[in-house]
Each structure stands twice: as structure tokens, then as C-alpha cells.
Amino acid sequence: MFRYILRRLAWSIPTLLLVTFLVYLALRIGTDPVQSYRRVNPRASRAKIQQYIDVNGLDPNFVKGYFTWLKNFLTGEWPPSIKGRREVWPALKDAMANTLRLGSAATVVGIVIGLFAGVLAALRPGGRRDVFINTSAFVGISVPPFISAILLQLLFAVYWQKWFGASLFPTSGVYPAGHTGFDLFLMLKFMALPTLVVAIQIIATYSRYMRSSLLDVLNSDYMRTARSKGISERRVLIKHGMRNALIPVVTIAALDVGSIVGGLIITENIFSYPGMGLYFLKSFGEGDFPLLMPWMVVIVASVLFFNLIADISYAWLDPRIRLE
Amino acid sequence: MAFRRFVSHKAAVGSCFVIATLALFVVLAPFTARYGVNQSVQAPPNSFLSPRGNAWLGTDDIGRDLYSRLIYGVRVSLLIGLASALISVTLGALIGAIAGFRGGKFDDIMMRVTDLFLAFPFLVTLLVVRNVLGALPWMKPITGEMNSVRFIIVLFGIFGWMGVARIVRGQVLSLKEREFVEAARAVGASRRYIIARHLLPNSVGPIMVALTFSVVGAIISESTLAFFGYGPQAGDGATSLGILVGQAKGAVQTGFWWLAVFPCLALIVIALSINFIGDALRDATDPRLDRGA
Amino acid sequence: MSEKILEIRNLHVTFETPSGPLEAVRGVDLDVSAGELLGVVGESGSGKSVTFLATMGLLPTRAKVTGSVLLAGEQLIGASPKQLRSVRGRLLSMIFQDPLSALNPVHRIGNQIAEMLQSHQALTNREAQTRAVELLDIVGIPQPTDRSQQFPHEFSGGMRQRVVIAIAIANNPKVLIADEPTTALDVTVQAQILEVIERVQERFGTAVVLITHDLGVIARVADRVNVMYAGRNVEQGTIDSLFDHPSHPYTRGLLASLPRPGMQRLKPITGFPPNMLNPPKGCAFHTRCEYAAEVCKLDLPELQTFGDLQTACVRAKELPRAEVLS
């Protein structure tokens, strides 16, 4: 197991290089960084532009440019943002922290509720509870996050204020303007709506996965064997059913990290939540190459990381899988 | 058998009616819409009127009838959904069938590429690929301008094949081992013949399911892009569901609820209906269920 | 005859299906004596498995079960789930048809046996593991200590069936139900598994119910036989009397369809098993019976003693005596 992890980590380095090269290419072609720089700084001197090209690795030769960028990135000489004032690392660090907080809150809430709902639905297939959970999940996956975000904002901020005098949950930011220091309660209040939006997606997806996976398991012969031992129904379900049902769910979970991050990006933007999503959409809109590339590296690395985690937990759950 | 199972799915039958009604409404837009797409309902002051007699669903910032604009918008969105789904399903079915049938290197590379794309945050990939596609001069004759409806269709078309390819590949892999394919191979049928005559026809069920889900995917993606200002921006006040939903963003803070609620509801109803149809199709064409009922 | 350990009386099982109620078991009477090996034979769909799943209380809840099942004097039909749980695995246990899917793929073999032990006996984990290794040894698995730490996928089909048997006999049950235990296995392995079952029966005095559609298997190991058709018992008796002079036309048909040396061609029973959603009136076999008369279409025939056999055929006495087949 340990050796497998080491080898996977070693393999992730060339993968990371290859994917960042592709991302570099796509951004060079798609956003034309030099043009963006000229647009944002119309009065920049020729020397300034040349300096921007040099530090960012924007050489006309893509391969040469990529390696210049890579060298600067690895040695920690990250050029400042397109407007020349903002340091990239502090901005990226804050965005990461905020997103990690929102993302993990939503994931924990979503997966716990989702799996639980899926189990409840699978225990009595076709029953009233199953129909209710299944239909809700269906609505959940059919409503894109920006729609639920808008409707929730409309309800909890605008109309709540109209009807009851005060808004229940704030709809933007992490703290009210001018707030300094750490305040857990205030933070949770600000996080409530965005967490709910992302969690709805996760609950809907996972309750469906869990339901169908557990239904397959419940019909299997080894569940009958377990029952024939005369152990309690609860033990049959937890010890024999759950672990087997989780195996396919975990596989799908790895593929799902992308869509969760996608939901986060959309949600953050609507709630002006200063995380990775807001960071991305802003810098992408401005063609801010120095901000975009490190962001991409973080995303690619975390995608690879979660894939590894999923593979490990898959092998841990299912003894038939050999990690070679 | 399959048809009977589909009909027994009540929500799907209802959804078929909803979609058929919507389709009829938007095809007959000249008759069903009350105003032109860019026409004001009355002389100023006419902006942000709440729902009333001459504007059933209210008006927008420059006094246009939301009901009529919804009809035009849904028309564009359904067109985008159908056209791009057709492209992506055709591409995906072909690539998936070849990858599944040939196996080997081609299969490996294809599946690696789709894995990579599917693992990445969808919106990020979509935005980046959109920009790259728009920046390639040799794609111009196919894609048209970057803010045109045609561009969006091509973009979703070449973007959506991956999910379909995975499904068809899985189907082909399991069909490949079946007796009738073995038999065809044994009598010396060519590879192309086997794919065209045996594998694809037997994958019609999953392909139909993929098609319905591609339509929803494209409609939602269009709305998402438009919501963030990267969607089609055809001139002359032309609109789409995404553009209308995008306006809702501003409407939230000001409290013009109808601008947010009706486009959102339209999108939810469409997505839900097509999803129900796809779900019922999947159940109806699932051969595993044939033995049971 | 020795003491009756399992008595089934007038057992009915009905499933609700989309096409209406399906009565899979239609009044079965059946006895198992302590320590005997009873063969239950019938085509698929004859209700033989359902009868014993109902006995175990393992049918899905949508199945309606009526009648009486007495296990060592204890009524199992209508018993509380808790009561049933205390019987299952302790007095009554079951081996299933497909050993490949009967074991949980994610738990070690030793733990799956230990779970059975600990659910009915107060044993520490270590004691249960030691006992599990002994059980693996009893069912003939080499290197039981190492094997108990492995997972099901590391075992062959025959070895897995041995493990399933080890689980079933862990608490030394009074009755062991083996539902087609050899059907999914190679012929050579079949014989080994039958041997293991016989050994268990002799060594622990366990009564065994062997459900199968294979008369060859029955002939090899059973003391008594019970023939089922369309959810009913049609004939029962000792192995010798049934094979020597079967009375029921269905049993005759089954025996005649067995391949024998010197036989020119097989003689199958014509026709198909009845549709259980709408079974024929009267004797269910009359649609395929060469001796059928009008009287057969009227009432369900009851078991009647006829020589050494009990036969559910109203015309059994009138029929020509069957030729001796074996």
C-alpha cells in the first residue's frame, strides 16, 4: 500500500507537468495574455511589456515560454498580477482558505445527508418515503446551482426583509463590510446560504448513487447468507450491506470532485464569496495570466490528489482490488 | 415491452406532454407571443412593470414583455439543446463504438482524455475551451462569431461527446462478447459491418438516453455561460433562456421578483421534464429488467 | 421411525405480482426426522426452494405465508422476527446454490464464520477464530489457519461451498437445508461437496434436507425422497421404494427420463410445467399425464398411502405397475 502511494505520487509529477503545459497552451491561445496586458495598461512602455513577457514566460515559442514560466514558478518568483500591484500568493492563499472552508462544510453536510437519504430510500423501494426522497433528489439534480442560489437569495434576503423586517441570512461576502477579526457565529451565518446551495447538489447526487448501489447489494446472495445466520437486521445492513454499497459510490465520488468544484465556482460568484471561484472568474475575465496559472496548478493538483484518495479508499473497502 | 414500461412511468408521460406543449408554443412563436422580441408593451414609463393585463409576466428594464421574451428564449435554448446534443451524440457514439470494439491504444488514450476532462471542474474547462475555440482562425468558418448561437452549438457539440462515448463504449464492450457478434465474426463479417449492423443498433437504448441527458446538459450549460456573460449575445434583442436568467441576477437585489422567478421556473420545468423522460427511457431500455417483469 | 424434528403442515406461500397473486406453494405437508437425509426433488418453479425459504423465514415481506412449521416443537410461522433470528443459524441453517455470491466479498473467511458462532454462542473473538479454523478443517479445507485470513475471491467455487457449509454447521444445527448445493459446480467437485455433506450428517447427527432437480444426486445420498410438482407434494417415500416402483405418473416420467446404460434414447416428459399464475384445476399434472382421466381435473388429489409410498394421485391404484428401472 505504502509503495503504491509513493509510486502514484511519483507518477503525478509528469502528469502535473503535462496537464499544466496543456493549460498553459490553452491560456496562451485562449486569453492572449500579452494583449490583455496592453488592454489593462494602455500606457505601458515597450520595456514594461517586454518585462511582463519575460517574467511570465510568454515567449512566442510556447515550449520555451512554458519552461521559463515553470522555472519562475518553482523558484517562487511569482510575477505580480496584471495590474502590477497585487501579490499573487496572498490572494491565492486567502481564496484557498475560504473555498476549503465552504467546500468542506458543504461536502460534509451533503455527503452525510445524501448517503443517509439514499439508505432510507433503498430500505423500502417503492414506498412513500422512497418516492419522496427520489423525487426530491431528481428535482435537486435538475436545478442548476445558480438557479437555486438566485431563488434562495430572493427568498431569504430580499423578501424576508420585506415581510419580517430583517434578512435571515446575508447574501454576500464572508463578513459584513468593515469587520475585522474572527467571529465564528457571524461566519457561519454568512456561509449558510452558499453551503446550502452546494450541499443541495451533493445531497441529490449522492442519495441517488447510494440508493441504487444499496438496492443492488440488498438483492445479493450474501445478504441472504447473512440473514440466515440469525443476526439482527441492523447488523446485516451495516456490516454486510453498507460497506459493499459504498464501493461503487466511492469510485464515482472521485469523478465528482470536478462537478463539486464547478458548483463552488458558480455559487461563490453569486454570493460574492471571496474564494477560488470568484478569484478564477475575475482573473479569467481580465485575462490575468499571472493570477490564472497558479490557480490552475492548484486545481490540477487537487484533482490528482482526490483521485488518489479515491483509489486508496476503494482498495481499502474492496479486498478484491490489488494495488500494484 | 420497453414501450409499456416507459408508459407506466407516470412522471415521464406527463413530462412528454409538457415538452410537447412547450415545443408547440415556441414553434408557433409568431402566434403565441404577444409582442416582438424587442418590442415594448406600452409607451414609457414601461420598465419593471409587475405582472398585469397587457404583460402577463411583467416587463424588463426597458419595457419588453417577459412572457413573449420567454417564448423566444426557450426557442433558442431548445434549438441549442437539440442541435448540440445531436452533434455530441453522433460523435460520442462513433468514438465510443470504435474505442470499445478495437480496444488497445486508441481505447486507452480516448478514455484517459475523457477521464481528464471529466475530472476537471466543468465550468473552467468549458470557459477555457470556449476561448481556445474562438481564437482558432481555422475554426471560424464552422463556428462563426464567438457570441453567436452557432458557436455555442459547435462548442457544446465537441464538448459533450465524452460522456456519450463512455456509455457507448461500455455497452459495446459487453455486446462484443455476446453470441450474435461472435457468430458474425465467425462468418467473416468486416469490422465496419459488425459495428454498423450489430453493435450500434443494439446500443440504441443507451444512446437515446444519452441524447436526452445531452439536451438537458446543453440547455443548462448555455444558461450557465450566459449567466456569467459568456453566452450568445445576438443583436436586436434576441434572447435565450440563459440571457433571461442572467438578468435575474440583477433583479434579486432590486426585488423585481418576476424577472427572477419566471425564467428560473421555465428552466427548472424544462430540465426536470427532460430528465424524467431520460430516466424513464433508461428504465425502459434496460435489458436487465426484461427478465423480471 | 425416529423422532420428527421438522414438521411442515399445509404450507401455502403466495406472492403478489403485477399480474396477480402467484401461489408458489399450495399446501405442502412434509416431515424431517432427526438425523436423516431427505431429498426434495422437482423442476425449477415447483416450489421446493420457496418451501424451505419460508421455513427459514427468509422470503421477502411481500410473500404471504400460511400453515404450520414446527421445528423441534416450536412454531415458526407467525413467530416474531426475534424468535426466528434465534432459530436461524442455531437450530436451522441453510446452504445456497451459488457459492460464488453467497459469501460477502469484503470480509475475511474466518470472520464470516466467527460471526455465525458469536451470534448464538458467547465466545470471545479469539475463541471464535479458533473454532472457525476447526470448522474449516472439518469441511476439508487444507491449511485452515492461513485460509481463514483470506477473502472469498481467493477461493475456488468448490472451496467456497465448503466455507458456506462450515458457516452453516458452525452452531451444530438440528436441520441443515441444502438448496441445490452442487448445481453451480463442476461434476468432480459436486461429488466432493456431497461427501462433505454426508460426513457432516453422520458425524453430528444433523438432519439434512437436500433440495435438487438431479435425481442422480438423490439416488446417491438420500434416505427418503419427496417429489414436488407445481407447489404440491406429489409423492414421498424411502429411496428404495420410490426408485423401485414409483406410483405417481410424474415420478415415473422423471425416472424414465434418466439416462441409463443400454438405453436407445431419452424419454422426456412431454409438455411444459404449468403457469403458476393460473394453475390447472384438479391435479396440476393432468395436462401432461398419459394416464389422465376426467376425475383428475376435478379435485386436488391428497397424499394416500400406497404400498411403501405416499402418493397424491387418485388413479395410482388403477395404473399398471411400473417396470423396475434401477
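Residues numbered from 1 in each chain as written. Chains lettered and ligands numbered in written order. Predicted model: local features only at pLDDT ≥ 70, side-chain atom pairs only at ≥ 80, totals over all residues. Heavy atoms only, no water.

Q: Describe a nonpolar patch on the surface, and please don't skip the residues or the numbers.
A: Residues A:L18, A:L22, B:I109, B:V113, B:L116 and B:F117 make up a contiguous nonpolar surface patch of about 490 Å² in total accessible area. Contributing elements (two or more residues each) for the nonpolar patch: α1 (2–31) of chain A together with α5 (104–119) of chain B. Structurally, B:I109 can be placed in helix α5. (Patch = residues over 30% accessible without salt bridge, like charges linked within 9 Å, V, L, I, M, F, W, Y side chains within 5 Å. Areas by Shrake-Rupley, 256 points an atom, 1.4 Å probe, with all protein chains shown as cover. Salt bridge = Lys/Arg side-chain N within 4 Å of Asp/Glu carboxyl O. Helix = DSSP H or I, 4+ residues; strand = E, 2+ residues; numbered from the N terminus.)

Q: Describe the interface of chain B and chain A, naming the residues involved and giving the relevant values.
A: On the chain A side, the residues contacting the 39 residues of chain B number 40 residues. Salt-bridge contacts for A:R208 lead to B:D279; the nearest nitrogen and oxygen are separated by 3.8 Å. Between the two partners, chain B and chain A, sit two residue pairs in polar contact (both at pLDDT 80 or more). Contributing elements (two or more residues each) for the side of chain B that touches chain A: α5, α6 (122–135), α12 (204–227), α13 (241–254) and α14 (257–285) of chain B. (Contact = heavy atoms within 4.5 Å. Polar contact = N/O pair within 3.5 Å; in protein donor to acceptor, adjacent residues only side chain to side chain.)

Q: Before we move on, could you go through the layout of surface pockets and cite the residues and values that matter?
A: In this structure, the second largest pocket encloses a volume near 1800 Å³. Sorting the residues of the lining of the second largest pocket by element identifies α5 (88–123), α8 (184–218), α9 (221–228) and α10 (233–270) of chain A together with α1 (48–56), β4 (63–71) and α2 (81–87) of chain C as the ones contributing at least two each. The greatest single-element share of the lining of the second largest pocket, amounting to five residues, is contributed by α10(A). Looking at side-chain class alone, the lining of the second largest pocket contains 23 nonpolar, seven polar and eleven charged residues. (1 Å grid on protein atoms, 1.4 Å probe; cavity = no way out; pocket = protein on both sides within 12 Å on 5 of 7 lines; lining within 4 Å. Points joined across faces, edges and corners; volume = space filled by probe spheres on them. Nonpolar A, V, L, I, M, F, W, Y, C, P; charged D, E, K, R; others polar.)

Q: So what about the pairing of strand β2 (residues 20–33) of chain C? Which residues, and what values?
A: For β2(C), the tally of buried residues reaches ten of 14 residues, placing the bulk of the element in the interior. Between strand β1 (residues 4–17) of chain C and the antiparallel strand that follows it, β2(C), lie two residues. (Buried < 20%, exposed > 50% of the residue type's maximum accessible area, 1.4 Å probe, protein only. Pairing = 2+ DSSP bridges.)

Q: Tell me about the domain arrangement of chain C, and please be specific about residues and values.
A: Residue and element names in this part refer to chain C. For chain C, the assigned domains read domain 1 (35–49 + 77–222) and domain 2 (228–311). Here domain 1 and domain 2 have C-alpha centroids that lie 31 Å from each other. Each side of the interface is counted separately: domain 1 has twelve residues, and domain 2 has 14 residues. Taken over both partners, the interface formed by domain 1 and domain 2 buries close to 930 Å², and the fraction arising from carbon and sulfur atoms is 65%. For the interface between domain 1 and domain 2, the tally reads one salt bridge. Across the pair E43 and R288 runs a salt bridge, and its minimum N-O distance is 3.6 Å. Remark: the boundary between domain 1 and domain 2 carries three residue pairs in polar contact (both at pLDDT 80 or more). At the level of elements, β3 (37–41) and α9 (215–221) are the ones that each hand at least two residues to the side of domain 1 that touches domain 2. Partitioned by chemical class, the residues of the side of domain 1 that touches domain 2 number six nonpolar, four polar and two charged. (Domains from an automatic or database assignment. Buried area = accessible area lost by both parts, 1.4 Å probe.)

Q: Account for the arrangement of the chains, naming residues and giving values.
A: Looking across the two pairs of chains in contact, one finds the most contacts between chains A and B. In this assembly chain B lies apart from chain C, the nearest approach of their C-alpha atoms being 8 Å.

Q: Go over the pairing of β1(C), please, and point to the residues and values.
A: Residues and elements named next belong to chain C. Sheet analysis places β1 next to β2, joined by eleven bridges and oriented antiparallel. Bridged to F15 within β2 is L22. Two strands pair when backbone bridges link them, and β1 and β4 are joined in this way by eight bridges, in the antiparallel orientation. Directly across from E7, in β4, lies its bridge partner L70.

Q: Any details on the side chain of C:E36? Residues and values, ideally.
A: Residues and elements named next belong to chain C. Here E36 shows up in the loop between β2 and β3. Judged by its relative accessible area of 9%, E36 falls in the buried class. A polar atom in the side chain of E36 sits 2.9 Å from the backbone nitrogen of S33. In contact with E36, not counting residues within four places along its chain, are D31, Q201, T206, A207, V208, D223 and R224.

Q: Give me the lowdown on the pattern of salt bridges, citing residues and values where you can.
A: All names here are of chain A. Scanning the entire structure with this criterion turns up 21 salt bridges over all chains. Salt-bridge contacts for E286 lead to K83; the nearest nitrogen and oxygen are separated by 3.6 Å. Remark: K83 occurs in the loop between α4 (62–74) and α5 and E286 occurs in helix α11 (residues 276–286); sequence separation between them is 203 residues. When its relative accessible area of 28% is taken as the criterion, E286 is described as partly exposed.

Q: Residue-level account of the interface of chain C and chain A, with values.
A: Taken together, the contact between chain C and chain A spans 24 residues of the former and 22 residues of the latter. Roughly 2100 Å² of surface becomes buried between chain C and chain A when both sides are summed, with 56% attributable to carbon and sulfur atoms. At the surface where chain C touches chain A, the tally comes to two salt bridges. Close ionic contact of A:R235 with C:E115 constitutes a salt bridge, the shortest N to O distance being 3.0 Å. In this structure, the connection of chain C to chain A is made through 14 residue pairs in polar contact (both at pLDDT 80 or more). Put simply, the parts of the chain that give the side of chain C that touches chain A at least two residues each are α1, α3 (99–102) and α4 (109–120) of chain C. For the side of chain C that touches chain A, the residue count by class is eleven nonpolar, eight polar and five charged.

Q: Requested: an account of the packing of aromatic side chains, with residues and values cited.
A: Counted under the stated rule, the structure contains 24 aromatic pairs over all chains. Ring centres 4.5 Å apart and planes at 25° place the aromatic pair A:F280 and A:W295 in the stacked group. In this pair, A:F280 is assigned in helix α11 and A:W295 in helix α12 (residues 289–317), connecting sequence segments 15 residues apart. A:F280 sits in the buried class, given a relative accessible area of 0%. One aromatic cluster in this structure is built from A:F21, A:Y24, A:Y66, A:F67, A:W69, A:F73, A:W78, A:W89 and A:F289. Cation over ring: B:R102 sits above B:F106, and NZ or CZ is 5.9 Å from the ring centre. Taking the ring centre of C:F155 as reference, the NZ or CZ of C:R147 above it sits at 4.2 Å. (Phe/Tyr/Trp six-rings, centres within 6.5 Å; stacked < 30°, edge-to-face > 60°. Lys NZ or Arg CZ within 6 Å of the ring centre and 35° of its normal.)

Q: Which residues make up unusual backbone geometry, and what values go with them?
A: All names here are of chain C. Backbone geometry places A72, a non-glycine residue, at a positive phi of 50°. Examined against the element boundaries, A72 turns out to sit in the loop between β4 and β5 (74–75). A positive phi angle, near 50°, is found at A230, a position not held by glycine. In this structure, A230 sits in the loop between β9 (224–229) and β10 (232–238).

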